[in-house]
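Residue-level structural notes
What follows is each chain in one-letter form.
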Amino acid sequence: MTDRTDGTAMTGMTGMTGTTAGTRPLRGRTALVAGATRGAGRAIAVELGAAGATVYVTGRTTREKASEVGRTTETIEETAELVTAAGGEGIAVPTDHLEPDQVADLVARIDRERGRLDVLVNDIWGGEHLVAAGFGKKIHELDLADGLRMLELGVKSHLVTSAAAVPLLIRHPGGLLVEVTDGTADYNGTHYRENIYYDLAKTAPIRMAFALSHDLRPSGCTAVAVTPGWLRSEQMLDHFGVTEANWRDATGKVPDFAVAESPAYLGRGIAALAADPDRARWNGRSLSSAQLAKEYGLTDTDGSRPDAWGFILAKETDETVSPDDYR
């Protein structure tokens with residue numbers, strides 16, 4: 001399965017369920033969701049806003065200019081508007097997270113305007129088009145430039161952002177740093193992910209969260225890695241020719257798509273994690289959307305609790321397992 005963090009439909013993404021329903025536990029908190037144009041990043045930003053946070057949302061696609069992803073249907077301005085509509089305050093800041101000066105200016109603006117940063121979410125990617133070209137290929141069959149670009153987008157951009165933002169994050173104890181990737185530590189540690197560059201790009205954030213947990217612990221802050229399951233992203237929905245309203249029609253082509261989840265599922269989990277006063281117990285851990293949902297009593301927008309990674313592992317030993325058993 002390819003990356004599931006780059007795209008989403010917005011249906012039903014305007015509020016959390018479970019332990020934080022009807023409250024604003026993040027009121028007065030400031031979050032930065034780096035890579036919030038679409039997908040899990042957009043959903044995370046919206047759910048943090050629904051919990052009352054001020055959310056700075058960044059990306060390269062604006063209403064005036066598209067990134068190399070080539071999609072013009074989702075913009076960071078729209079994400080900011082959705083955050084505000086959900087009950088928070090959304091602030092769009094066009095940013096290329098491979099440019100240290102741009103990221104430094106972004107963090108300086110947050111400091112100037114808010115004086116604090118409570119949640120940093122590194123969801124920067126935008127390399128799906130590169131994965132498709134090298135799906136299942138060996139290193140000598142891949143274009144080196146494309147492979148290195150994947151590592152820039154999925155690894156270097158995260159490092160640039162953390163290096164700039166962590167000094168502001170650790171100013172107040174209790175800060176949370178989230179590395180969004182594709183796959184858990186257990187799964188990526190035992191499975192080869194598509195090709196060598198994608199494998200590195202999606203395993204590195206898990207190790208980054210582990211390393212950052214050591215750097216942040218003395219300041220009373222927490223770092224975790226999180227992954228969605230099979231995400232019903234804008235790109236994924238477009239690929240199957242369906243919408244969020246009729247996504248189940250795609251199971252006619254790929255029955256396993258029945259275990260897919262909306263991006264709100266992970267967004268709700270991260271918002272609940274950010275509101276958890278005991279979140280430090282997760283420091284350095286790798287978590288899935290299903291784990292967060294179970295821990296915090298959350299559901300997806302349809303009331304289900306999908307566990308894509310559980311299904312994938314179960315199917316390796318039992319081909320007859322049904323995705324319906326993992327919703």
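Here is a short report on the structure shown in this document. (Residues numbered from 1 in each chain as written. Predicted model: local features only at pLDDT ≥ 70, side-chain atom pairs only at ≥ 80, totals over all residues. Heavy atoms only, no water.)

**Considering the layout of surface pockets**
Put simply, the second largest pocket is a space of about 180 Å³. In terms of lining residues, the second largest pocket is bounded by Thr184, Ala185, Asp186, Tyr187, Gly284, Arg285, Ser286, Ser288, Gln291, Trp309 and Leu313. Among the elements of the structure, helix H6 (185-188), strand S7 (286-288) and helix H11 (308-317) are those that each provide at least two residues to the lining of the second largest pocket. A per-element tally of the lining of the second largest pocket places H6 first, with three residues. Counted by class, the lining of the second largest pocket contains four nonpolar, five polar and two charged residues. (1 Å grid on protein atoms, 1.4 Å probe; cavity = no way out; pocket = protein on both sides within 12 Å on 5 of 7 lines; lining within 4 Å. Points joined across faces, edges and corners; volume = space filled by probe spheres on them. Helix = DSSP H or I, 4+ residues; strand = E, 2+ residues; numbered from the N terminus. Nonpolar A, V, L, I, M, F, W, Y, C, P; charged D, E, K, R; others polar.)

**Describing the packing of helix H9 (residues 263-275) against helix H10 (residues 289-296)**
In the contact formed by H9 and H10, the axes pass within 9 Å of each other and the chain directions differ by 55°. As the angle between them shows, H9 and H10 are arranged oblique. As H9 runs across H10, the sense of the crossing is left-handed. Facing H9, whose interface residues are Tyr265, Leu266, Gly269, Ile270, Ala272 and Leu273, H10 presents Ser289, Ala290, Leu292, Ala293 and Tyr296. Taken together, the residues that form the contact of H9 with H10 break down as nine nonpolar, two polar and no charged. (Axes fitted to C-alpha atoms, helices over the stretch in contact; angles between N-to-C directions. Parallel < 35°, antiparallel > 145°, perpendicular 65-115°, else oblique. Left-handed = near helix turned anticlockwise from the far one by under 90°. Contact = heavy atoms within 4.5 Å.)

**Details of the nonpolar core**
Counting 39 residues, the largest nonpolar core has Ile44, Leu48, Val55 and Val226 as the members making the most contacts within it. Ranked by residue count, the leading element in this core is H9, at seven residues. Ignoring sequence-local partners within four residues, the contact set of Val226 consists of Val178, Glu179, Val180, Thr181, Leu266, Ile270, Leu287 and Leu292. Membership of the second largest hydrophobic core comes to 20 residues, among which are Leu32, Val93, Val160 and Leu168. (Core = buried A, V, L, I, M, F, W, Y, C linked by side-chain atoms within 4.5 Å. Buried < 20%, exposed > 50% of the residue type's maximum accessible area, 1.4 Å probe, protein only.)

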